[in-house]
Each structure stands twice: as C-alpha cells, then as structure tokens.
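# Architecture and fold: a report
Next come the chains, spelled out residue by residue.
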Amino acid sequence: MGKKDPRVDAFITRSAGFARPILTHLRRVVHAGCPGVEETLKWGFPHFMYKGILCSMASFKGHCAFGFWKEALLADMKPIRDAAGDQAMGQFGRITALSDLPDEKTLIRLVSEAAALNDQGIKAPRRARPRTPRTLRVPDYFMSALRRNRKALATFEGFNDSRKKDYVEWVTEARREETRNNRLETAVGWMAEGKERNWKYTRQGAR
C-alpha cells in the first residue's frame, strides 16, 4: 500500500494554477504504476520512493518537470528524452499542460519499469560531467587600472588563471565601492612589486 505525504498536498496547493492538474495527474500515475510507492520532499520538491528514489516532480513559475531517477535504464525513455531535449529538469521537457505528457498508459508502464529496476537493486549509471574550461572575466575597470601601471600589468599577464582569479575575486567581491577601490589600488601596488594575492602567506612573503 502506498503512502502519501501531506507536504506534497501542500506543494500542489501552493503551485501555480496551471500546474496543479499536472502535478495531481503525475502523482496519481505514479501511485498507479507502483502501488507501494511512498512520498517525501527532497530538495524542496516531491520525490516518490520505492526501495530508493523512483522519480520526482516539480513546479516552477511557468512550467512543471518530471523525471525518473534511473531514466537511462528505461528503454522507452529515449524517444521521449530526445524529443524533449534539455529544456528543463527531468526528461519530459517544460510541461505546461497535460497534453505535453505521454498518455497515461505509457506513463504507468514507465513507472512500473522503474519500480522493477529498484526491485532488482540495479543502480543508476554514473553520469560523466563534461569539463568545460571557464573563461576568467576581468572587469574593464580592473584592466584599466592595470594598464596605468606597466609593471602590474606585466605581472598580472604572467600569472596563471588561478592567481589571476585570486586578485579579480578579491576586488570584485567587495560590497562597497570604496572598499573595492581600495582593494584595487592595493592589488595594483602588490602586482607592481611582482606579488601574488596571498604573498603574505608564502615563504617569500613571510621573510
């Protein structure tokens, strides 16, 4: 026998008007496909548990989302996932109406298949996260200050990305403009002397 969580009722109630019938439908479908499912809230939105995480749903300002924890192992999910693309969390894209979802029979079958995977203790495959290099963004005012001091500019340009980032973040994270300007002036002075941001804590700086 499944178990409902009153917090899910509250989540649905406070969701936008368009989202309520979608969330109510998804909730009913999950219970139909896995009668032993239990509800809970994780990370602020409803999750359905059955011998581990089965699936989850969420609502946002303009759309809903729904997804299976082990969707990569569900053969019937591929065409659905491919059609939806990466428009939203989950594998069904941005759901704004019931017509954006597969028919009820298909959804119930997917829930049953996902429950069977949990019955068998099959773990979700790990997803490799592609590493994309991040480009360090240096504000114009920062570079302008450096260009007025050739030694400081040469030092900064000779730094690796990590040392550049130390200076840029120290200056840009200042909440007040006065503090930011003071830090920038100090940073230029230190770099004119060939010093890295944390020079005081290096062996050279400790001498």
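Residues numbered from 1 in each chain as written. Predicted model: local features only at pLDDT ≥ 70, side-chain atom pairs only at ≥ 80, totals over all residues. Heavy atoms only, no water.

### Side note on the overall build of the protein chain
For the protein chain, the count of helices and strands is nine helices and four strands. In sequence order, the protein chain lays out its α and β elements as α-α-β-β-β-β-α-α-α-α-α-α-α. Out of the 207 residues in the protein chain, the part that is buried amounts to 38%. For the protein chain, long-range pairs separated by at least 24 residues make up 59% of all intrachain contacts whose partners lie at least 6 apart in sequence. Counting only carbon and sulfur atoms, one obtains 48% of the accessible surface of the protein chain, whose full area is about 13,300 Å². (Helix = DSSP H or I, 4+ residues; strand = E, 2+ residues; numbered from the N terminus. Buried < 20%, exposed > 50% of the residue type's maximum accessible area, 1.4 Å probe, protein only. Contact = heavy atoms within 4.5 Å. Areas by Shrake-Rupley, 256 points an atom, 1.4 Å probe, with all protein chains shown as cover.)

### Some thoughts on the packing of aromatic side chains
Counting across every chain of the model gives seven aromatic pairs. Aromatic side chains Phe-66 and Phe-68 sit 5.3 Å apart centroid to centroid with 70° between the ring planes, which places their arrangement in the edge-to-face category. You can call Phe-66 buried: its relative accessible area is 2%. Ring centres of Trp-170 and Trp-190 lie 5.6 Å apart, and the angle between their planes is 10°; on these two criteria the pair is classed as stacked. Of this pair, Trp-170 sits in helix H7 (residues 161-172) while Trp-190 sits in helix H8 (residues 177-192), and the two are 20 residues apart along the sequence. On the basis of relative accessibility, which here comes to 18%, the residue Trp-170 falls in the buried class. Classification of Trp-190 as buried rests on a relative accessible area of 15%. Connected via pairs of aromatic rings, a cluster forms that spans Phe-66, Phe-68 and Phe-92. A cation over an aromatic ring shows up here: Lys-42 above the ring of Trp-43, its NZ or CZ 5.9 Å from the ring centre. (Phe/Tyr/Trp six-rings, centres within 6.5 Å; stacked < 30°, edge-to-face > 60°. Lys NZ or Arg CZ within 6 Å of the ring centre and 35° of its normal.)

### Things to note about the side chain of Asp-5
Structurally, Asp-5 is set in the segment before helix H1 (6-13). A polar atom in the side chain of Asp-5 sits 2.8 Å from the side chain of Arg-7. (Polar contact = N/O pair within 3.5 Å; in protein donor to acceptor, adjacent residues only side chain to side chain.)

### Side note on the state of the cysteines
For the structure on display, the rule yields zero disulfides. Note on Cys-34: no disulfide assigned, nearest cysteine sulfur contributed by Cys-55 at a separation of 8.3 Å. (Disulfide = S-S within 2.5 Å.)

### As for the pattern of salt bridges
Where side chains of opposite charge bring their charged atoms close, a pairing between them can arise. This model, assessed by the stated rule, comprises 10 salt bridges. In this structure, Glu-104 and Arg-28 form a salt bridge, with 3.1 Å as the shortest nitrogen-oxygen distance. Here Glu-104 is found in helix H4 (residues 104-119), whereas its partner Arg-28 is found in helix H2 (residues 19-33), with 76 residues between them in sequence. Accessibility expressed as a relative area gives 33% for Glu-104, which makes it partly exposed. According to the relative accessible area criterion, Arg-28 is partly exposed, its value standing at 45%. Asp-119 is paired through a salt bridge with Lys-51; the nearest N and O atoms lie 2.5 Å apart. Separated by 68 residues along the polypeptide, Asp-119 in helix H4 and Lys-51 in the loop between strand S2 (45-49) and strand S3 (53-59) bring together distant segments of the chain. When salt bridges with common partners are traced through the structure, they connect Asp-9, Arg-27 and Glu-39 into a single cluster. (Salt bridge = Lys/Arg side-chain N within 4 Å of Asp/Glu carboxyl O.)

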